[in-house]
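Residue strings, one per chain:
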Amino acid sequence: MSKTRKSSPRFEFNGGLVGKPRAAANTAVVEPCTVDGCGTTADQPRPAPAMVRVEVPGTGEPARWYCPGRCTAIGRALADVRGIGRPGGEPR
């Protein structure tokens, strides 16, 4: 736990907190999905009835099948990030 705040400009970089910082959490940012077919390219038939097809135009990334919910959101974000710096969404 951090100690009391100080008003010295020396401590402005961390909001005036002093003492030892809390240790970083040792967890993965994104856990791998264990569902068969999640993240596979959509050039194949839908792997399971609930799978969602994710295609982000202009990124150059192929459409993929994802589980509904969290995996779909992660898939859209990955396609956006992978498309950064590709003029016109050129495929890899």
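Predicted, not measured: the structure shown is a model, and the values here were computed from it.

**Things to note about the overall build of the protein**
Here comes step 1: A count of helices and strands for the protein gives one helix and two strands.
Here comes step 2: Along its sequence from the N terminus, the protein presents helices and strands in the succession β-β-α.
Here comes step 3: Per-residue burial for the protein yields a buried fraction of 24% across its 92 residues.
Here comes step 4: At a minimum sequence separation of 6, the contacts of the protein that also span at least 24 residues come to 33%.

**With respect to the environment of Ile84**
Here comes step 1: Within the fold, Ile84 resides in the segment after α1 (70-82).
Here comes step 2: Residue Ile84 is classed as exposed on the basis of its relative accessible area of 64%.
Here comes step 3: The spatial distance from the C-alpha of Ile84 to the C-alpha of Gly60 is 9.7 Å, given a sequence separation of 24 residues.

**Considering the side chain of Thr72**
Here comes step 1: With respect to the helices, strands and loops of the structure, Thr72 is situated in helix α1.
Here comes step 2: Filtering out sequence-adjacent residues up to four positions away, Thr72 remains in contact with Val52, Val54, Tyr66 and Cys67.

**Quick notes on the pattern of salt bridges**
Here comes step 1: If you walk through the whole model with that rule in mind, you get two salt bridges.
Here comes step 2: Notably, a salt bridge pairs Glu55 with Arg53, separated by 2.8 Å at the nearest N-O pair.
Here comes step 3: Using a relative accessible area of 44% as the deciding quantity, one classes Arg53 as partly exposed.
Here comes step 4: Residue Arg82 is joined to Glu61 by a salt bridge in which the shortest nitrogen-to-oxygen separation is 3.8 Å. Here Glu61 lies in the loop between β1 (52-54) and β2 (64-66) and Arg82 lies in helix α1, a separation of 21 residues in the sequence.
Here comes step 5: Classification of Arg82 by relative accessible area gives partly exposed; the value is 30%.

**Details of the confidence of the model for the protein**
Detailed reading of the predicted coordinates is not advisable wherever pLDDT is low.
Here comes step 1: When pLDDT is averaged along the protein, the result is 81; 73% of the residues meet or exceed 70.
Here comes step 2: Looking over the protein, one finds the lowest element-wise mean pLDDT in α1, namely 92, and the highest in β2, namely 97.

**A closer look at the nonpolar core**
Here comes step 1: Counting residues in each nonpolar core, the largest one holds eleven residues, listed as Cys38, Ala42, Met51, Val54, Val56, Ala63, Trp65, Tyr66, Cys67, Cys71 and Ala79.
Here comes step 2: Once residues within four sequence positions are removed from consideration, Tyr66 is found in contact with Cys38, Gly39, Met51, Val52, Val54, Cys71, Thr72 and Gly75.

**Thoughts on the state of the cysteines**
Here comes step 1: Tallying each qualifying case throughout the model produces zero disulfides.
Here comes step 2: The thiol of Cys33 is unpaired, and the distance to the nearest cysteine sulfur, on Cys67, comes to 3.6 Å.
Here comes step 3: Exposure remark for Cys33: the relative accessible area of 34% places this residue in the partly exposed category.
Here comes step 4: This cysteine, Cys67, is not joined by any disulfide, and Cys38 carries the nearest cysteine sulfur, 3.6 Å off.
Here comes step 5: Take Cys67: its relative accessible area is 11%, and that puts it in the buried class.

What counts, and where the lines are drawn
Residues numbered from 1 in each chain as written. Predicted model: local features only at pLDDT ≥ 70, side-chain atom pairs only at ≥ 80, totals over all residues. Heavy atoms only, no water. Helix = DSSP H or I, 4+ residues; strand = E, 2+ residues; numbered from the N terminus. Buried < 20%, exposed > 50% of the residue type's maximum accessible area, 1.4 Å probe, protein only. Contact = heavy atoms within 4.5 Å. Salt bridge = Lys/Arg side-chain N within 4 Å of Asp/Glu carboxyl O. pLDDT = per-residue confidence, 0-100. Core = buried A, V, L, I, M, F, W, Y, C linked by side-chain atoms within 4.5 Å. Disulfide = S-S within 2.5 Å.

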